[in-house]
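Commentary on secondary and tertiary structure
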Amino acid sequence: MGLAPFTEADFVLSKEKRAEITAGLTERQAFMVTQWMDLHEVINRGDWDGMDDFFNTDTMTYDNPNRPDLGTYHIWKTSPQGLYKTFPPSTYRTLKAWGRGDDEVCVLCHHYGKHTGGP
């Protein structure tokens, strides 16, 4: 999927664009995808305390064999913070969503930023 030219304003999804993304999903799937898009808005403005509202910060774990160093929520949270600082404006948006059953959704996202230094 090639991306059409975009501006930073394209990362703030309108009510109409959100409806287009969630069209055809079940009510539960649409709720979960909307939560994901809401999380993007919080991360895009660097609201790290607001990010906590989307997770069970006491029990969430991150299990990625490529990043075993990011196990707990509080340690994993440093990863998007690092991207935000290293690749400003480091913004995210959802492009498409689909699901299977009420507890499984998949989203195609676009992350944009420019490397300004640091590792």
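Summarised in this report is the structure supplied together with it. (Residues numbered from 1 in each chain as written. Predicted model: local features only at pLDDT ≥ 70, side-chain atom pairs only at ≥ 80, totals over all residues. Heavy atoms only, no water.)

Let us look at the environment of Thr72. In this fold, Thr72 is placed in the loop between helix H3 (48–51) and helix H4 (73–76). The exposure class assigned to Thr72 is partly exposed, which follows from its relative accessible area of 39%. Between the alpha carbons of Thr72 and Ala23 there is a distance of 34 Å; along the sequence they are 49 residues apart. (Helix = DSSP H or I, 4+ residues; strand = E, 2+ residues; numbered from the N terminus. Buried < 20%, exposed > 50% of the residue type's maximum accessible area, 1.4 Å probe, protein only.)

Let us look at the pattern of salt bridges. All told, the structure shown has seven salt bridges when counted by the stated rule. A salt bridge links Asp69 to Arg67; its shortest N-O distance comes to 2.7 Å. What makes Asp69 partly exposed here is its relative accessible area of 45%. Residue Arg67 is classed as partly exposed on the basis of its relative accessible area, which comes to 34%. (Salt bridge = Lys/Arg side-chain N within 4 Å of Asp/Glu carboxyl O.)

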